[in-house]
Amino acid sequence: MEFLLGGASSMCAVLFTNPFDVLKTRQQLEGELIAKQNLKERAYKGIRQSVLTVVRTDGLRGLQKGLPAALLYQFSMNGVRLGTYQTAENLGWTKSTSNPSLTPLLSVFWGGCAGLASATASCPFYVVKTQLQAVTSGSYTARFQHHHSGTVSAFVNIYRQSGVRGLFRGYTATLARLVVGSSAQMSSFSACKEFFLQYQIFQESIVLTALASSTVAGFLTSVLMSPCDVVTTRMTNQAVSANGKGLLYTNIFDCFLKIYRSEGIHGYYKGFVPMYLRVAPHTMLNLTFWEFFKGLHDRYSKQH
């Protein structure tokens, strides 16, 4: 039930945050391996211009590109991630009674373990989601677009071309992204919540506590996760050869190195603003829905 509640809460949250995910993906792919000073025209410069570009080329529906795959991704990823973390918390593994100073480390450790499990479960959905979000009918500066007609078509096309390996393209980057992101998000959100609950104004409002905690936790998570997120997007969306091998990046280290050599540190933080605008409210909505669903489940369990 912990896994089901985590997945359901995440699917509710992504309905509101998927447009920022689309903007983030487009910004991360724009000017791929091109130095900033050599990038003369940018279609996705800033949030406002990015929104206008998407609406102009793909209509309002373009802001929800890849939504079915995003829903499946969030259900599999956060269902496993939150379910694993909650199970560890229920068993008392995230807190040390004998040595309280170890508690933050335990939170980070189990957050990382939850990220590891969720990366494996959700990688195929992330691959499909990214490739669908990258496709546009307008002029586009990404190096490559995978033209799938829909979510099911994307799964079929990727499997036919590269087999199961294709559905796990960029798995090492996805793994690094979710382990770093999950450790940072779960531990910082818990720490922030404990800090804010010392004050009466937060004790009186669950929503205010969740909003404040997710704002801080979302920023920390975005800063730490952004480089891995850019690498994951690039590896997932790259063109492949006839036998399914990536044509731009051979592995996660090659991708990190090529981005740094071509785009510098700036390249690791492309799409940072829409990423933060997605992560912070998604953290709040996801964990708020999660608490709400857990409350409903607890009340139902007591009545029966």
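As a convention, each chain's residues are numbered from 1 in the sequence order in which they are written. Confidence filtering applies because this is a predicted model: local features only for residues at pLDDT of at least 70, side-chain atom pairs given and counted only at 80 or more, and all residues used for totals across whole chains, interfaces and linings. Hydrogens are left out, water is left out, and the side-chain values use all remaining heavy atoms of the structure.

At their nearest, the axes of helix α3 (residues 67-90) and helix α4 (residues 103-134) sit 8 Å apart, and the two run at 170° to each other. Regarding the angle of α3 to α4, the classification is roughly antiparallel. Note on geometry: axes are C-alpha line fits, over the in-contact stretch for helices, and angles between N-to-C directions span 0 to 180 degrees. Segments assigned H or I by DSSP are reported as helices when at least four residues long, segments assigned E as strands when at least two residues long, and all are numbered from the N terminus. Geometric relationships in this document are graded by angle, where less than 35 degrees denotes roughly parallel, more than 145 denotes roughly antiparallel, 65 to 115 denotes roughly perpendicular, and other angles denote oblique.

A cluster of nonpolar residues, Val 180, Val 216, Phe 219, Leu 220, Val 223, Leu 224, Tyr 260, Ile 265 and Tyr 269, forms a patch on the protein surface that exposes about 750 Å² of accessible area. A total of five residues in the nonpolar patch trace back to one element, the largest contributor, which is helix α8 (residues 206-237). By the secondary structure assignment, Val 216 is in helix α8. Note on classification: 1.4 Å probe, protein chains only; a residue is buried when its accessible area is under 20% of the maximum for its type, exposed when over 50%, partly exposed between these limits. Overall, Val 216 belongs to the partly exposed group, its relative accessible area being 34%. Here the term patch refers to residues with relative accessible area over 30% and no salt bridge, with like charges joined within 9 Å and nonpolar side chains (Val, Leu, Ile, Met, Phe, Trp, Tyr) within 5 Å. For accessible areas, the Shrake-Rupley method is used with a probe of radius 1.4 Å. Any residue's cover is judged against the shown protein chains and nothing else. We define a salt bridge as a side-chain nitrogen of Lys or Arg found within 4 Å of a carboxyl oxygen belonging to Asp or Glu.

This part is about the environment of Gln 203. On the secondary structure map, Gln 203 appears in helix α7 (residues 200-203). Remark: the alpha-carbon pair of Gln 203 and Arg 48, spanning 155 residues in sequence, is separated by 36 Å. A polar atom in the side chain of Gln 203 sits 2.8 Å from the backbone oxygen of Leu 197. Any pair of N or O atoms that falls within 3.5 Å is considered a polar contact. Within protein, one atom must be able to donate a hydrogen and the other to accept it, and sequence-neighbouring residues count only if both atoms are side-chain atoms.

This part is about the pattern of salt bridges. Between side chains of opposite charge, a pair can form as their charged atoms come close. Applying the stated criterion to the full structure yields ten salt bridges. Note that Asp 229 and Arg 177 form a salt bridge whose closest N and O atoms lie 2.4 Å from each other. Highlighted residues: Asp 229 in helix α8 and Arg 177 in helix α6 (residues 171-196), separated in sequence by 52 residues. Neither residue differs from the other here; Asp 229 and Arg 177 are each classed as buried. Ionic pairing is found between Lys 258 and Asp 254, a salt bridge with its closest N-O pair at 3.3 Å. Linking Lys 258 with Asp 254, this pair stays in helix α9 (residues 252-263), spanning four residues, or about one helical turn. Relative accessible area serves as the criterion here: at 31%, Lys 258 is assigned to the partly exposed category.

Note on aromatic pairs: the rings of Phe, Tyr and Trp (six-membered ring only in Trp) are paired at centre separations within 6.5 Å, and the planes decide the class, stacked below 30 degrees, edge-to-face beyond 60, tilted for the rest. A complete count under the given rule lists twelve aromatic pairs for this structure. Ring centres 5.9 Å apart and planes at 85° place the aromatic pair Phe 219 and Tyr 276 in the edge-to-face group. You can see Phe 219 sitting in helix α8 and its partner Tyr 276 sitting in helix α11 (residues 272-303), a full 57 residues away along the chain. One aromatic cluster is present, formed by Phe 195, Phe 196, Tyr 199 and Phe 202 through successive ring pairs.

Leu 33, Ala 173, Val 230, Val 231, Met 235, Leu 248, Tyr 249, Ile 252, Cys 255, Ile 259 and Tyr 268 together form the largest nonpolar core, which totals eleven residues. Those elements that provide at least two residues to this core are α8 and α9. What makes a nonpolar core is a set of buried Ala, Val, Leu, Ile, Met, Phe, Trp, Tyr and Cys residues whose side-chain atoms join them at distances within 4.5 Å. One finds Val 127, Val 128, Leu 132 and Ile 158 within the second-largest nonpolar core, a separate group that totals eight residues.

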